[in-house]
Each structure stands twice: as structure tokens, then as C-alpha cells.
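# Structural features, examined
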Amino acid sequence: MHLNTLTKYLTYQLYHAIQIVGTMGEATTPENVHDFRVALRRVRSLVKLYLKKTLPFPDKLKKMLRQSNSLRELDVLIESISVSKAPLTHRYVSTLRDELMETLITPGLKTKSLTLMHRYYDALCDADPNISKKEMVRTVMELYTHSMALYHGLNEFSTQNERHSLRIQFKNIRYGLEFLHASGLLDHHELLTQCKMIQTDLGDIQDLYNQISWLEKLETELPASECAPLLSKRREKLALRVATGSA
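Residues numbered from 1 in each chain as written. Predicted model: local features only at pLDDT ≥ 70, side-chain atom pairs only at ≥ 80, totals over all residues. Heavy atoms only, no water.

All right, on to a positive patch on the surface then. A grouping of Lys60, Lys63, Arg66, Lys112 and Arg119 is seen on the molecular surface, where their side chains present a positively charged patch. Broken down by secondary-structure element, the contributors of at least two residues to the positive patch are helix H3 (59-67) and helix H6 (107-127). Ranked by residues supplied to the positive patch, first place goes to H3 with three residues. Tracing the backbone shows Arg119 in helix H6. Classification of Arg119 as exposed rests on a relative accessible area of 59%. (Patch = residues over 30% accessible without salt bridge, like charges linked within 9 Å, V, L, I, M, F, W, Y side chains within 5 Å. Areas by Shrake-Rupley, 256 points an atom, 1.4 Å probe, with all protein chains shown as cover. Salt bridge = Lys/Arg side-chain N within 4 Å of Asp/Glu carboxyl O. Lys, Arg positive; Asp, Glu negative; His and termini not counted. Charge placed at Lys NZ, Arg CZ, Asp CG, Glu CD. Helix = DSSP H or I, 4+ residues; strand = E, 2+ residues; numbered from the N terminus. Buried < 20%, exposed > 50% of the residue type's maximum accessible area, 1.4 Å probe, protein only.)

Spelled out as C-alpha cells, the structure:
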């Protein structure tokens, strides 16, 4: 069956996510989790750009992505902790991550998530939306122009929610540009590079917020000699990033 360009790209990403879920278990690596989330987020972003009204991303799949947020946050936190400088904290957070993985990735959840993704895969193939090249390019470029204006308007008084929302918009733009490039519809390396840089900038700030939140939650369970310096360093770095926008 011949499918439209957008359908082929979306179903390929879903197929990739399905393959990863099939291999997930207690020993699932941070790379597996990240690759799964990226594949599914690509689908969600493109659906939001092009199919929000006609074939919306299933709420149950949104919930599954949200449930994996904590796991990804812990992976990033672990990576940021030096084993030599904070060995007890690193070991504690690593154990917490493994326990969360065991809780989240159960045989029942794997079966449910695979069923949901297969159903949405079939729904995309059945609908096979036909959107013109001009409209697909225009949609991404309009969001890019709007988001750049918001990004340049950020300052030290901008809230965490404003930054987080804008980060998601640039993620949608990036995935949109990657799709257009992979499909031969638009080749604009400069815009893609710029979006990646902005997404990284806003993502680093969000990671600091998340790390501080986790360390504050675990503060009473971690050795003060290790946790206090970790928190202090991240709070200082966050304040500097928000105040100056430095990389």
C-alpha cells in the first residue's frame, strides 16, 4: 500500500518505538528510554503540528509518556553526579531509578502500550492524511517565527512554565524541520541548528529545575556532606543561567 509522506514518517517512528518497548525490562538502559521517548515524541509533535484536529495523539499514549518523565529525569540526574565526589548519593539515586524502572515497565504495561501503539499505527494508515508540501512547510515556519519572538522576549522575570512551554514549542519545530528534511521537502540546516541550540539552552535550564526538585525531595535521605554541595552548585548555576542566559 502506498502511503503519503507524513504517514510513512509517523508509522516508521511508531514502529521504532514498538520495537524498543518489546525489549524493555529491568536492565533497560537510559539510551533505550531516551530513544523510545524521542520516537514517540516525534510522533506527538508532528501530530500536534498537522493532525491535531483530525487524528489527535491518543490520551493514553500521552499518559504513558508522562509516566516516563520521572525515569528520564533520574537518568539525567545520575549522569550529572560525580561517582568520586558523591558516591553515596550516586548509588542511592541509581537504586531509586532501578526501582522506578521495575515499577513502570511491567509485563502488563508493555502489553497495554504495544496495543495502543499498534492501534494508532493502524489508524494513521487508514486515514493516510494528504497534506500539501506547501502547508506542511508553512505550518512549521509560522510556529518558528512566533516562537523566536517569544524566545527573544525572555528575561530574568520569565517564569519556569513560560520557559518550559517555549522549550516544547521549539522541540515541535525541531521535529517538524527534521521531518521536512528527511522527506526532501525542505533543507534548512541553519534553522535546524538554531532550534537545536535553543532547545538545548532551555532544556539545560529545565534539567536544573528538575535536579534541584529531586535533590530537595531526597535531601533527608542523602548524606548532607554530599547533597548540600550538589544543591548549592545547581541553585547557583540556575540563577546564573536565568539572569544572564549564558550557556
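Applying the stated criterion across every chain yields a total of nine salt bridges. One salt bridge in this structure joins Asp98 and Arg97, with 3.6 Å as the shortest N-O distance. Residue Arg97 is classed as buried on the basis of its relative accessible area of 5%. Here Asp204 and Arg241 are joined by a salt bridge, their closest N and O atoms 4.0 Å apart. With Asp204 in helix H9 (residues 189-218) and Arg241 in helix H10 (residues 224-244), this pair connects stretches of sequence that are 37 residues apart. Shared partners join several salt bridges into a network, and the residues in it are Arg42, Arg174 and Glu178.

With that out of the way, let us pick up the side chain of Arg167. Tracing the sequence through the fold places Arg167 in helix H8 (residues 160-182). Of the side chains with opposite charge, Asp207 lies nearest to the buried Arg167, which makes no salt bridge, at 6.3 Å. Excluding residues that lie within four positions of it along the chain, Arg167 makes contacts with Gln199, Leu202, Gly203 and Gln206. (Contact = heavy atoms within 4.5 Å.)

Applying the stated criterion to the full structure yields four aromatic pairs. Taken together, a centroid distance of 5.1 Å and an interplanar angle of 65 degrees make the contact between Tyr9 and Phe179 edge-to-face. In this pair, Tyr9 sits in helix H1 (residues 5-23) while Phe179 sits in helix H8, placing the two residues 170 residues apart along the sequence. What makes Phe179 buried here is its relative accessible area of 0%. By the ring-pair criterion, three or more aromatic residues cluster together here, those being Tyr9, Tyr50 and Phe179. Above the face of the Trp214 ring, Lys217 is positioned so that its terminal group lies 5.0 Å from the ring centre. (Phe/Tyr/Trp six-rings, centres within 6.5 Å; stacked < 30°, edge-to-face > 60°. Lys NZ or Arg CZ within 6 Å of the ring centre and 35° of its normal.)

Before going further, it helps to spend a moment on unusual backbone geometry. A positive phi angle, close to 40 degrees, is found at Asp128, a residue other than glycine. Positionally, Asp128 belongs in the loop between H6 and helix H7 (133-152).

Looking at where Thr11 falls in the secondary structure, it is placed in helix H1. Thr11 sits in the buried class, given a relative accessible area of 5%. Contact partners of Thr11, with chain neighbours within four places excluded, come to Tyr121, Leu124 and Cys125.

Okay, the packing of helix H4 (residues 69-80) against H9 next. Where H4 contacts H9, the axes come no closer than 10 Å and their chain directions differ by 90 degrees. Compared by their axis directions, H4 and H9 come out roughly perpendicular. Taken together, the residues of H9 that come into contact with H4 (itself represented by Ser70, Glu73, Leu74, Val76, Leu77 and Ser80) are Asp207, Asn210, Gln211, Trp214 and Leu215. Looking at the contact of H4 with H9 residue by residue, the class counts come to five nonpolar, four polar and two charged. (Axes fitted to C-alpha atoms, helices over the stretch in contact; angles between N-to-C directions. Parallel < 35°, antiparallel > 145°, perpendicular 65-115°, else oblique. Nonpolar A, V, L, I, M, F, W, Y, C, P; charged D, E, K, R; others polar.)

So, on to the packing of H1 against H6. Angle between the axes and distance between the axes: these two values describe a pair of packed helices. Orientation of H1 relative to H6, taken along the N-to-C sense of each, is 165 degrees, at an axis distance of 10 Å. Taken as axis vectors, H1 and H6 run roughly antiparallel relative to one another. The two elements H1 and H6 meet at a crossing, and its hand is left-handed. Listed contacts from H6 to Thr7, Leu10, Thr11, Leu14, Tyr15, Ala17, Ile18, Val21 and Gly22 of H1 are Lys110, Ser113, Leu114, Met117, His118, Tyr120, Tyr121, Leu124 and Cys125. Residues belonging to the contact of H1 with H6 are distributed by class as follows: 12 nonpolar, five polar and one charged. (Left-handed = near helix turned anticlockwise from the far one by under 90°.)

As for its position among the elements, Ile205 is in helix H9. As for Ile205 and Val242, which are separated by 37 residues in sequence, their C-alpha atoms are 7.7 Å apart. Other than its neighbours up to four places away in sequence, Ile205 contacts Arg163, Leu238, Arg241 and Val242.

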